[in-house]
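# A look at the structure
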Amino acid sequence: MPFDVARDAAAPMGESAAECTKGGLWSFAHFNRTYVVQLCDNSVVEINDGIEVLDAALDIADRYCAGA
């Protein structure tokens, strides 16, 4: 779903990126895309932890979606 253009255009991505950083997941947000890269030697537990952090960040972005 598209972001609600009536709101600050950068707010969803900024808040989502901040949530990733707070959870220890390094991300890069560019326009409406978020990039994350895991190290090649991460354990399954570390990868799952990173996915949980990313999921929480996407929940924040969902609040800005039209019709959500």
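Structural data are supplied above this passage.
Residues numbered from 1 in each chain as written. Predicted model: local features only at pLDDT ≥ 70, side-chain atom pairs only at ≥ 80, totals over all residues. Heavy atoms only, no water.

## Regarding the overall build of the protein chain
Just so we agree on the cut-off: Strands here mean DSSP runs of E at least two residues long; helices mean DSSP runs of H or I at least four residues long; both are numbered from the N terminus. Buried means the residue's accessible area, taken with a 1.4 Å probe over protein chains only, is under 20% of the maximum for its type, while exposed means over 50%, and partly exposed covers the values in between. In this description, contact between two residues means that some pair of their heavy atoms is separated by no more than 4.5 Å. Accessible areas in this description were obtained via Shrake-Rupley with a 1.4 Å probe; residue shielding takes into account the shown protein chains only.
Within the protein chain, the regular secondary structure consists of two helices and two strands. By the burial criterion, 21% of the 68 residues in the protein chain qualify as buried. Of the contacts formed within the protein chain by residues at least 6 apart in sequence, a portion of 56% connects residues at least 24 apart. Accessible surface for the protein chain amounts to roughly 5,000 Å². Of this, 61% is attributable to carbon and sulfur atoms.

## Observations regarding helix α1 (residues 11-22)
In plain terms, the rule: By definition here, a helix of n residues has an expected span of 1.5 Å times n minus one.
The end-to-end C-alpha separation of α1 is 16 Å, in line with the 16 Å expected for 12 residues at 1.5 Å each. Those residues of α1 that fall on the buried side of the exposure criterion are Ala11, Pro12, Met13, Ser16, Glu19 and Cys20. Phi turns positive one or two residues past the end of α1, at Gly24, with a value near 90 degrees.

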